[in-house]
Every structure is written in structure tokens, then in C-alpha cells.
Amino acid sequence: MSNDAIRLHALTLHEIEAAGALLDAGQTDAYIDAVRRAIVRGHTAATWSAIAQRDHAGRIRDWLMRAVPGARHARTERTGDVAMPRADRDRMRELATRELRYFERFAREIRSGQLSPARIKARAAMYAGAIRPTYYEIRYGHWDIPQRLLPGNQQCRANCRCTISVADLGDGRGLLTRRYSPEADHCSECPPLAGTYTIYRRLR
Amino acid sequence: MSDDVRKRSVTRDDNAGDAAAGRLSIVIGPAQWAGILDGVRGATGLPRYGSMMRDRILAESPMIEDMWASAVGLAITKQSSLGWRIEDDAQSQRRIHAAQRMLLAFDGDYVAGITRHLRDYLLTNNGAFVEIVRASTARGSRIIGLMQLDSLRCHRIDDPAYPVLYEDRRGAFHRLPAENVIAFADLPSARIEHAGMGHCAADRVWSTILKRAAVETYFREKVSGARNLAIHFVTNVNAERLREALHAEGRDQAGRGYVLYRGATIIPMLSGGGAETPTVITIPLAEIPDGFDPEQERRAANQIYANALGIPVQDIQPLSGQGLGTGTQTIILDEAAQGHGLAAWRRSWQQAITHRVLPTTTTFYFDSNDLRDRQQRAQILASVAGAVGPLVQQGVLRPDQALNVLVDEGVIDPAYLPSDQTPGALLSDLDKPVDAEEPEPTTLIETPKARREPADLPELADADVDALIDAELAAGLAWARLVAGASNEQ
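Residues numbered from 1 in each chain as written. Chains lettered and ligands numbered in written order. Predicted model: local features only at pLDDT ≥ 70, side-chain atom pairs only at ≥ 80, totals over all residues. Heavy atoms only, no water.

**Points about the overall build of chain A**
The helix and strand tally for chain A stands at eight helices and four strands. In chain A, the succession of helices and strands from N to C terminus is α-α-α-α-α-α-α-β-β-β-α-β. The proportion of buried residues among the 204 residues of chain A is 48%. A sequence separation of at least 24 residues applies to 60% of the contacts in chain A between residues at least 6 apart. Accessible surface for chain A amounts to roughly 9,600 Å². Of this, 48% is attributable to carbon and sulfur atoms. (Helix = DSSP H or I, 4+ residues; strand = E, 2+ residues; numbered from the N terminus. Buried < 20%, exposed > 50% of the residue type's maximum accessible area, 1.4 Å probe, protein only. Contact = heavy atoms within 4.5 Å. Areas by Shrake-Rupley, 256 points an atom, 1.4 Å probe, with all protein chains shown as cover.)

**Concerning the overall build of chain B**
When its secondary structure is counted, chain B shows 16 helices and eleven strands. For chain B, the residues scored as buried account for 37% of the 490 residues in total. Of all intrachain contacts in chain B linking residues separated by at least 6 positions in sequence, the fraction that spans at least 24 positions is 68%. Looking at chain B as shown, the accessible area adds up to about 27,300 Å², and 55% of this sits on carbon and sulfur atoms.

**Describing the nonpolar core**
Counting residues in each nonpolar core, the largest one holds 60 residues, and the members touching the most others are A:Trp48, A:Leu64 and A:Ile145. Looking at which element gives the most residues to this core, the answer is helix α3 (residues 28–55) of chain A, with 13 residues. With sequence-adjacent residues up to four places away left out, A:Ile145 is seen in contact with A:Tyr140, A:Leu150, A:Ile164, A:Val166, A:Leu176 and A:Ile199. Grouped together as the second largest cluster of nonpolar side chains are 53 residues, B:Leu46, B:Val72, B:Trp84 and B:Val357 included. (Core = buried A, V, L, I, M, F, W, Y, C linked by side-chain atoms within 4.5 Å.)

**Topic: the environment of B:Ile182**
Locating B:Ile182 in the fold gives a position in strand β7 (residues 181–184). Taking the C-alpha atoms as reference, B:Ile182 lies 8.3 Å from B:Ala128; in sequence the two are 54 residues apart.

**Some words on the confidence of the model for chain B**
The predicted coordinates should not be examined in detail at positions where pLDDT is low. Residue and element names in this part refer to chain B. When pLDDT is averaged across chain B, the result is 75; 69% of the residues are at 70 or more. Residue range residues 16–42 is modelled with pLDDT below 50. Its contacts to residues more than four positions away, or to other chains, number 23 contacts. Confidence over residues 436–450 falls short of pLDDT 50; this stretch has 39 contacts with residues more than four positions distant or in other chains. At the level of chain-chain contacts, confidence expressed as ipTM amounts to 0.89, with global pTM at 0.50. (pLDDT = per-residue confidence, 0-100.)

**Quick notes on the packing of aromatic side chains**
Residues and elements named next belong to chain B. Enumeration according to the criterion identifies 14 aromatic pairs over all chains in this entry. When the centroid spacing of 5.7 Å and the interplanar angle of 40° are considered together, the rings of Trp345 and Phe366 count as tilted. Taken together, the residues span a long stretch of sequence, with Trp345 in helix α13 (residues 341–357) and Phe366 in strand β11 (residues 362–366) at a distance of 21 residues. Per residue, the accessibility class of Trp345 equals that of Phe366, and both read buried. Seen from their ring centres, Phe364 and Phe366 are 5.2 Å apart, and the 80° between their planes marks the pair as edge-to-face. (Phe/Tyr/Trp six-rings, centres within 6.5 Å; stacked < 30°, edge-to-face > 60°.)

**Quick look at helix α1 (residues 4–18) of chain A**
Here α1(A) spans 21 Å end to end across 15 residues, near enough to the 21 Å set by a 1.5 Å rise per residue. Along α1(A), the positions that sit buried rather than exposed are A:Asp4, A:Ala5, A:Leu8, A:His9, A:Thr12 and A:Ile16. What you see down the axis of α1(A) is that its buried residues fit within an arc of 135°, all on one side. Along α1(A), exposed side chains directed more than 90 degrees from the buried face belong to A:His14 and A:Glu17. Packed against the buried residues of α1(A) are α2 (20–24), α3, α6 (117–126) and α7 (131–140) of chain A together with α16 (462–486) of chain B. (Expected span 1.5 Å × (residues − 1). Arc of directions from axis to C-beta.)

**Re the sheet that holds β7(B)**
All names here are of chain B. Pairing in this open sheet of three strands is antiparallel, and the strands run β3-β2-β7 from one edge to the other. Only two strands of the sheet have a single neighbouring strand rather than two, namely β3 (143–149) and β7. Across the sheet, the mean angle separating the axes of adjacent strands is 20° when strand polarity is ignored. Looking at chain direction, strand β2 (residues 128–134) and β7 are connected through four bridges and run antiparallel. Counted as the bridge partner of Glu131 is Val181 from β7. (Pairing = 2+ DSSP bridges. Axes fitted to C-alpha atoms, helices over the stretch in contact; angles between N-to-C directions.)

**Observations regarding the interface of chain A and chain B**
By a widely used convention, the size of an interface equals the accessible area lost when the partners come together. Taken together, the contact pairs 45 residues of chain A with 42 residues of chain B. Across the chain A to chain B interface the summed buried area is about 4,300 Å²; carbon plus sulfur atoms make up 59%. The interface formed by chain A and chain B holds seven salt bridges in total. Across the pair A:Arg101 and B:Glu459 runs a salt bridge whose closest N-O atoms are separated by 3.0 Å. Run the count over chain A and chain B and you get 14 residue pairs in polar contact (both at pLDDT 80 or more). (Buried area = accessible area lost by both parts, 1.4 Å probe. Salt bridge = Lys/Arg side-chain N within 4 Å of Asp/Glu carboxyl O. Polar contact = N/O pair within 3.5 Å; in protein donor to acceptor, adjacent residues only side chain to side chain.)

**Description of the side chain of B:Gln148**
All names here are of chain B. Within the secondary structure, Gln148 sits in strand β3. By relative accessible area, which is 8% here, Gln148 ends up buried. Among the polar contacts listed, one links the side chain of Gln148 to the side chain of His117, at a separation of 3.0 Å. Within the structure, the side chain of Gln148 is placed 3.2 Å from the side chain of Asp120, a separation counted as a polar contact. Excluding residues within four positions of it along the chain, Gln148 makes contact with Phe106, Asp107, Gly113, Arg116, His117, Asp120, Ala128, Phe129 and Val130.

**Side note on the sheet that holds strand β5 (residues 164–167) of chain B**
Residue and element names in this part refer to chain B. The antiparallel open sheet is built from three strands, whose spatial order is β4-β5-β6. The outermost strands of the open sheet, each flanked by one partner alone, are β4 (154–156) and β6 (173–176). Here the average twist between neighbouring strands, direction ignored, is 25°. The sheet contact formed by β5 and β6 spans four bridges and is antiparallel. In the strand pairing of β6, Tyr166 is matched with His174.

**Some points on the pattern of salt bridges**
Residues and elements named next belong to chain A. With the rule as written, the count across this model stands at 33 salt bridges over all chains. Of the charged contacts, one joins Arg36 and Asp33 as a salt bridge, the two residues approaching to 3.3 Å between their closest N and O atoms. Linking Arg36 with Asp33, this pair stays in helix α3, spanning three residues, or about one helical turn. Taking the relative accessible area as the measure of exposure, Asp33 reaches 31% and is therefore partly exposed.

**Digging into the packing of helix α5 (residues 86–112) of chain A against α6(A)**
Residue and element names in this part refer to chain A. Between α5 and α6, the least distance of the axes is 11 Å, while the angle of their chain directions is 170°. What the angle tells us is that α5 and α6 run roughly antiparallel. Along the contact surface, α5 presents Phe106, Glu109 and Ile110, while α6 presents Ile120, Arg123 and Ala124. Partitioning the contact of α5 with α6 into residue classes produces four nonpolar, no polar and two charged. (Parallel < 35°, antiparallel > 145°, perpendicular 65-115°, else oblique. Nonpolar A, V, L, I, M, F, W, Y, C, P; charged D, E, K, R; others polar.)

**A closer look at the side chain of B:Glu131**
All names here are of chain B. Take Glu131: it is sitting in strand β2. Residue Glu131 is classed as buried on the basis of its relative accessible area of 1%. Within the local environment of Glu131, its side chain forms a polar contact with the side chain of Ser9, the two groups lying 2.5 Å apart.

Given below as C-alpha cells:
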């Protein structure tokens, strides 16, 4: 089972926390820009990773090494390089835009000076959690997964450490397994959700 | 029906442009069904209950027997020609018009749509299915239309959230959420394994259909001479003479334009002498068995058909000697039909449309609205008013209380009542609780979005976001390579 979503979450969180130094230095605009870029980077990383896991199992690293960020919207077969599929990029842009709209509103509050640095950092850290729904959306978007089962949609929100995986049963059904880490702090919603579920492919 | 409804329906690919190149359906009669019926279980020749093949045969049952076809046609057209009305407690003309438009466009056209719907209801155990088409795939999205789904393409699934799987013409399956489909069935099974499958009218009368078809076929062949009716042994007639006589008769008839099927075998025999009188010995092959009364059989079959369809038997068999029956008979029949089978369908349809499709305050009723209906309403008004009037005169009720009674009885519009002194805790199946604070659930006009975004969220141009993504694509890819390197998966 892949823990890529958790690792990407951690990378994004680290990037956002590292930007806190700018805030401490009084460079508010630079801080906002750094967090914004960290959010977008997290989404692009989640998308690359999810596509590799979804479509290129068994040669994930090879595919990622051949991927060319600049080659947009089409495979460049002649060179053997690969690009991000247009549909996935569009979906990622949709998801990232939603997060960025919330962030821009948050940025206005930061600029207004009404929030303490600690509070700003705490709220900014939560944006890292949005990486995981994007990862699951791209990776398992062709499955009809109930929203309540997607990690990040429970009380613990962005702090959720639960993971899901889907095994294709080959007849239009899939077996979704949701796991949670007992040693991690978890909310009251997550433990009962751990288990296996029959889900179906999206048909419309 | 607007193109938008069709476009958003699961049936959108069923009438695609290349449909002309699609499969051709040929309706075949029972004579060609040997391949299907051979080896199947049961005395009636039907496949097992619950199978699509059984429904496929039942759905074609009107093709087998004329009287059954007529009875089904009559039962369906009676329902499809019923008038209806839409009421809105808040007197919203907008909601009423929207509901009317949607129902008139049911599966393209109301009458044709309801006819197709009822054919599935009466002729398949699977029942009839109506798709609630919404403006988008989001839960609780605005309802934009209703589509009739082919029952033979609907599979009942034991999943309360997605009870129906629809297979379109291209073979693609569409899972229908419970909120997007209404499933009707005649006499639904109580077994949970059957997932609401019913026992349709055609199944209930299948053996009668077969028997009646056999009787009618027997008589048709007997009358038309398509089968050998008898063998005649004629003695003392020369075979050549007999052949000449038959040919001469045939030529004579052909000259007059007659066509006659002969259903007898004549065997000439010569005895020893040549001057004996010809005699005929006949062995009947197609006589009706002793005690068999075809008229009685037909009447019994009509009664069984009428009971199965839920229509008065006089509908398909008017009183003897009365032609189409009498006026009084018609009124009595109409009242009698209130408790018959299709009344249950009418009630189900009204409840489904009222509670699952229309907005909270809007109600659908079947109502022919003809002169007799209006006369009935006038009679009810006169009757209730006649009962209340003396109570007012005797001082038992005040006029405002009497008005309240008349409103409660439904003979006067509630708009005339300044304040309800007997606020009801009584709701009939078609009434809806009117609560100003209650949010409207799935409504036709005003549907709250499942998840609203805050109003103060700034808008972002796609180009700006694209520029940000382009700037971070390489860094994102580097992160993806990093986590892939840390992962054991390949």
C-alpha cells in the first residue's frame, strides 16, 4: 500500500512551516507567496504521484523519470518523454483553484494585520491537508468513493493519517480498504470507518 | 422535453445518431419461441421467476392472444387518458407551471410516456422505472425532467443507496442513486432477495393466455380448414369421378373469386358391384370435446384478465345484449374500479410524484375534471353545507366555525379561512406538512446546493492558476520522484 499521500502531505507541511521564517521577519507578502507556491507544488506533486500509481504500476519511478513538466497536454512519443494528461491537469487545476480561493481570502486577513503570527502559521499549516484529497481524487477518481470514506473529510480534517486503497475486482466493482494508524492521534470518526467496502466504477 | 433532459438522462445514448446502424428488434410470435421455451422449467413454459428472460416473454404476451392484448390496451389507455391537476399550497404559479411542464414532457410526451410506463408495469415482474433527471450529478441537484426507463434494461440491486443498474443501448451500465430513480412494481415480493420485484398481471394470467390462445387457434384452424377436420370414407364412388367433381367445383369457385380451404381427406372406395348407392363414413378429427363450452371459457378468461389488470370485467365484456353497456353501468364501474389493481398504481404514481419529485408545497392529483367530477364536487358541497347549515341555525356552531368545518372537509379553499381554529395534525398520503421554517428538500425550483461556498471567496482566473501550476510543475515532479524513491512500490 502506498503512503505517498502522507509523504506529500508532510513535504508540503514542511514547506509551509519553513516559510514561517518570512513571516517572523515581517515579510508578509513574501510569506503569502511562499505558502501559495507550496500549496500549488503539493497539488502538482500529488497529481504526478497519483497518475504514476494509477496508470504505471510496476514502472512508477521510470515513468516519473521520463516525465517532462514542460510538455503540456500531450505525450511526446518521439522522444520517449511523457507529459501530464490534460484531463488530470484540468482536474488538478480545479481542485487547486478551490484551495487557492480560500487561501486568497486568508491572505487578505493576514494583510489586515488582525491575526497573530502563531494563528497565521496554524491556519496556513492546514492547507497542506488538502493535498491528500487531490491525490485520492486523481488516483481513484474513476471509482465512486463515498465522501465520508475519503481521508480528510472527518473531524480530524487535514490531520487525518488514515489511508485508502482500492483493489479492482474486475467486474466493475472495487474493494476499498480504509486503514488508520492506531499509534497516531485520531478523531472519534476515523476508527469505525476502518475496514473494507465494495465500491463501483464511475459510470457517468 | 428539452434536449437538456435527454442529455443528462442515462438514456442519452439510447437514441444516438448511429442508432440506425444498431440492432434491429423483431417481435416474434410463440411459434418461433420453441428455442427459448424448450427445456425451461415449469408447466407454463416460463423461465424461473426473477429472470429477465421470463420478463422478456411476458412483455410480449399481448402478441399471443387477442383478448389479452385488447384488455391490456384498454386498461392502459384508460389510465393514460386520465386528466390530472397540480396544486400548490402557497399558490405559486411558477411552481405549478414548472411542474406541469415537466410532467407533460414525461419521457418526451406524457401520454406516450405513461403508456410505455404502464406496459412495463403490467407486463413485467421487474416493474416500471422512472428516472429523475437532475441538472447535475450533485446530490439534491435541481430536477429537470422525468424519463421512463426500459424495464428489461433495469437491474434491481440489493443496495439501498443505488437500487437500480441501467444498461443502455451501448451496453454501458449506469448506477442510479436512490434519489434519482422511482421503481414501481405490481404486487411487490416480500422476499428481500427479490429487491422489490413484483408479480405482474401478465404472469398472473399466463396459463390463461396459453389456454385461450390454444382454444382460439383450434377454432381458427377449424374454421379456416387449415387443419384436417375429418376423414371421409366414400364407398361406391370412382376416384376419377371424385377428382373431376372436386376440380370442377374448384374452377367454378376460382372463377367467382372465392378462396376455400379444404380441411377434409376423402378416400373413395369401390365395392364389388357398380350399381350400389354411395355411402359416406366419417371419422371426425376436429370436433369439440363433449361438455366443452367455448363461450364459458371465454367468459372465465375475461374475468381472470379483468381481475389481473384491475379493471371491471364489464370493461372488456359489456353486459349481454347491451352493446357497450349502459350509462348507469359505466358510473358503477368507475366507482368499482377505485378498489381495483390499477388504483394501486395511480396511488403509487401520485405519491411518488408528489413526495419525491415536486416541491414541498406542490401536489399532483389524478383528476379527469369532466362534468361528472364537477357535479360530484357540487354534490359534496351541497351535502356538507346541508349538514353544517342547521348546526349554525341552532347555535351549535358560529359561522366562522362552520367555515372552518367546510375548509377542513376540503369543499372550500383554505384561502377563505382567516385563521384555522382546528389546526390539523391529520395528513393524508398526498398532503404535505406545511412548515414555513422547514427547508425544502429536493425541489423543482428552489434547491439549496449541497455545499455552498462562502460568498466572499475571491474569484481566480484559470490563466493565473495555470501560471502558478506551470511554475511549480517541475518542483512538484521532483517531490513525486522523491516519494516514489522512498516507496517500496514500483
